[in-house]
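Letter by letter, the chains look like this.
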Amino acid sequence: MRHLMFLFFALALAGAVPAAEWYVEIVEEGVIGANSSLVLDSYGFPHVSYTDNVNADIKYAYWDGSKWRIETVQSNGYLNRSSLALDSYGWPHISYYDGLPNYDLKYARCDVWGWHIETVDWSGDVGYYSSLKLDSSNFPHIAYFFKSVANLKYAAWDGNEWKITVVDYEGNIGYEPTLVMDEDDRPHIAYVDGSDAALNYAYWDGNRWLIEAVVTGVGVLSPSLALDSNGNPHIAYFAGYPNIALEYVFWDGDEWRLQIVESRYADSISLALDSSDLPHISYRLEPNHYLKYAHWDGEEWQILTLESEPYYGHVGEGTSLAIDFYDFPHITYSGDRNLKHAWYGYGPGVEGAEVFANVGSEGVLVGWRITGDIPARLLVLRSAGDDEPANVSGSLDGAATRWLDRNVIPGNRYTYWLEVVEDDGTVSRFGPTEAVTFPGAAREIALSVYPSPASGSFTVDYTLPEGGRVVVSLYDLSGRRVATVYDGETAAGRHDISCNASALPAGVYLVRLATDAGALTRRVVVAR
C-alpha cells in the first residue's frame, strides 16, 4: 500500500473518471531530490533518477507495485543533473554530470549483473546539462552542453562505440538541451542560445543537422520538448522578456504557433503530450517556489497550484512530468527536502485487476493481479458457454492470488471473471478471461504457468499422456530463447517445475512445452 502524505483536490481532466484525485507521496526523505527525471514503465509504474543533494549521489528509485525501491548508482563525487530512460526490457539507463574534479559526461545502465558505468565524453567541462533517450534498438543517445567552449554536443552509441558530434557552435550555445527520438530513430533537440537569448530547435534529417531559431530575444530558460503523433515538435519554456511568462510553442505543419500559459516567472519546466496530443506542463513558480501544473483541455489552459508551502525554497525544484495510459499526469519534484511523487489517479482502493485462466490436469487455475490496496474479499465468477456468470468460488480472502476450479466438465468451454469487494462495500468486476476448454481424461498434453505476474519464481505445471522427451523453454516477445528450463526424458502424468524469475527483467515471456505428443505455449508476466 502506498502511504499517501496528503490529498490535494479533485480535478476534472478530459476523459478522467470522476473518482480520480491528486495524491502525493514521499519517495525518499531528507535528500532534497533535485533535478529528477521521471519515466513510467509498461505497467504505469514510476521510475525516477535524481540527485541526492545531501551526499551528492546519483540515485534511482522505482515503484515495484507495493513499495519504492531505491538504489545508489554512483557516489563519492560532485554528481548532478541526471536523465533517465527505460529500455524495452524495463532496464534503466541514466546520463549525468560527474563534476569536481572530473567534469565529465557519464552514462550508466543496469542489467541482471548490476550497474555498469562509463565515461562518454571527457574532452573538457562537459555534460552539466544532458538529456538521454533510447532508440528502437535500445541504443543510448545523449544531447549535452559543452561548457568549456559553450557548444551543443550529441553522442550516439552505434553498437560498438560512441559517435560524438558538435550540433551547434555559433555563439554561446547549448544550455539546457532536451532530446527526443522520432519513430525513425532521428534525434530532435530544443536548447537555449545564450548569445541571442533565443530558443533553438535542431533535428537530424538523415544527412545533416537542421537548425532554426524558434523565438529570439526573449531570454529563454528551461525548455522542454515533445513530439506529437505526427512528429511535430512542441516546446514549453520560460521567456524572460518582454512577457515574463511560461510560454508554449508548437509546429502545426506550416508554422510555429505560440501561446502564453501563465504570465509569471517559471523554471524546472517539463512538458508531455497525452494520447490526444494535448500538452501537460509541470513547473516551479518563482519567487514563491510553488509547484504548478497546467494542461490544455482543447479550449483553454487549466492551471493548478499543487503545493504551495515552501520549505527552504525547494518546493517544486527539478520537476519531471510523465503521462500514463489513462492520460493521467505524474510529477516528481523536490519538496520539504524530500523527493516526492504526485499523481492524478485513483489513489487508495483497488485500481484495477488482470484476470487469467490456465488449464491444468486437475481443473482450471484462475489467477489475477490486483493493483492498488488489498480488498476485503474476492469472488470468482464462471460462465459455461453463453450462460450468465455465477459465483463458483465462494468468498475468498482479499489477499488471495489464484483459485483452482476443479468442478469442470471435459469438453466444456469456460470464461472467468473476478469480483472485488472493498472494505466500504464497493463491488467491482474484472474480466473476462479468454475462454478455455478442459480436456479432462483425453490423451492430450496440458500446460499451466502460475502465478502470473511473478516476481521471485513461477511454476510450470504440465501433464503428459505418455512418457518421452520434454523440453521446457522460456522466450521473450521478440522470439529470443531466454532459457531452457528443462530438457530430458519424463514419465507420463503430471509434473511441475519451479523457475527462478528474480534475475529476469520485468516484462512478458512465453513458456513453451515441447513433447512427442505436441507443443503448448503459455504467457507469463514477470513484475518487479
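Keep in mind that this is a model prediction, so the values were computed, not measured.

Details of the sheet that holds strand S45 (residues 518-526)
Sheet architecture is open: four strands sit in the order S42-S41-S44-S45, paired in antiparallel fashion. Since the sheet does not close on itself, it has two edges, and those belong to strand S42 (481-490) and S45, each with one partner. Taking each pair of neighbouring strands and ignoring which way they run, the sheet shows an average axis angle of 15 degrees.

Some words on the nonpolar core
Counting residues in hydrophobic clusters, the biggest one holds 20 residues, and the most contacted among them are Phe458, Val460, Tyr462, Val472, Leu474, Val511 and Val524. Contributing elements (two or more residues each) for this core: strand S39 (446-450), strand S40 (457-464), strand S41 (468-476), strand S43 (493-500), strand S44 (507-515) and S45. Considering every element that reaches this core, the biggest residue donor is S40, with four residues. Core analysis: the next-biggest nonpolar cluster, separate from the first, contains 19 residues, Trp368, Leu378, Val380 and Phe438 among them.

Section: the sheet that holds strand S12 (residues 140-146)
Here four strands make up an open sheet; going across it, the order is S11-S12-S13-S14 and the pairing antiparallel. Of all strands in the sheet, those bounded by a partner on one side alone are strand S11 (126-134) and strand S14 (162-168). Within the sheet, the average angular offset between the axes of one strand and its neighbour, ignoring direction, is 25 degrees. Taken together, the six bridges between strand S13 (residues 151-157) and S14 define a ladder with antiparallel strand orientation. Paired with Leu152 across the strands is Asp168, a residue of S14.

A few points about the environment of Leu447
Tracing the sequence through the fold places Leu447 in strand S39. A relative accessible area of 0% places Leu447 in the buried class. In this structure, the C-alpha to C-alpha distance between Leu447 and Asp461, residues 14 residues apart in sequence, is 5.7 Å. Once you skip the residues sitting within four places of it in the chain, Leu447 turns out to touch Val359, Val460, Asp461, Tyr462, Val511, Leu513, Leu520, Thr521 and Arg522.

A closer look at the packing of aromatic side chains
Here a ring pair, both rings aromatic, is described through the centre-centre distance and the interplanar angle of the planes. By the definition in use, this model includes 24 aromatic pairs. Between Tyr129 and Phe145, the aromatic rings sit 6.1 Å apart at their centres with planes inclined by 50 degrees, giving tilted as the arrangement. Taken together, the residues Tyr129 in strand S11 and Phe145 in strand S12 connect sequence positions 16 residues apart. With respect to burial, Tyr129 and Phe145 carry one shared label: buried. The rings of Trp22, Tyr293, Phe325, Tyr326, Phe328 and Tyr344 are connected pair by pair, giving a single aromatic cluster. For Lys153, the ring lying beneath its charged end belongs to Phe146, and the centroid distance is 4.7 Å.

Here we look at the side chain of Asn232
You can see Asn232 is positioned in the loop between strand S19 (220-227) and strand S20 (233-239). Setting aside residues no more than four positions away along its own chain, Asn232 makes contact with Ala226, Leu227, Trp251, Asp252 and Gly253.

Conventions and cut-offs
Residues numbered from 1 in each chain as written. Predicted model: local features only at pLDDT ≥ 70, side-chain atom pairs only at ≥ 80, totals over all residues. Heavy atoms only, no water. Pairing = 2+ DSSP bridges. Helix = DSSP H or I, 4+ residues; strand = E, 2+ residues; numbered from the N terminus. Axes fitted to C-alpha atoms, helices over the stretch in contact; angles between N-to-C directions. Core = buried A, V, L, I, M, F, W, Y, C linked by side-chain atoms within 4.5 Å. Buried < 20%, exposed > 50% of the residue type's maximum accessible area, 1.4 Å probe, protein only. Contact = heavy atoms within 4.5 Å. Phe/Tyr/Trp six-rings, centres within 6.5 Å; stacked < 30°, edge-to-face > 60°. Lys NZ or Arg CZ within 6 Å of the ring centre and 35° of its normal.

Everything listed here is a matter of geometry and, on its own, says nothing about what the molecule does.
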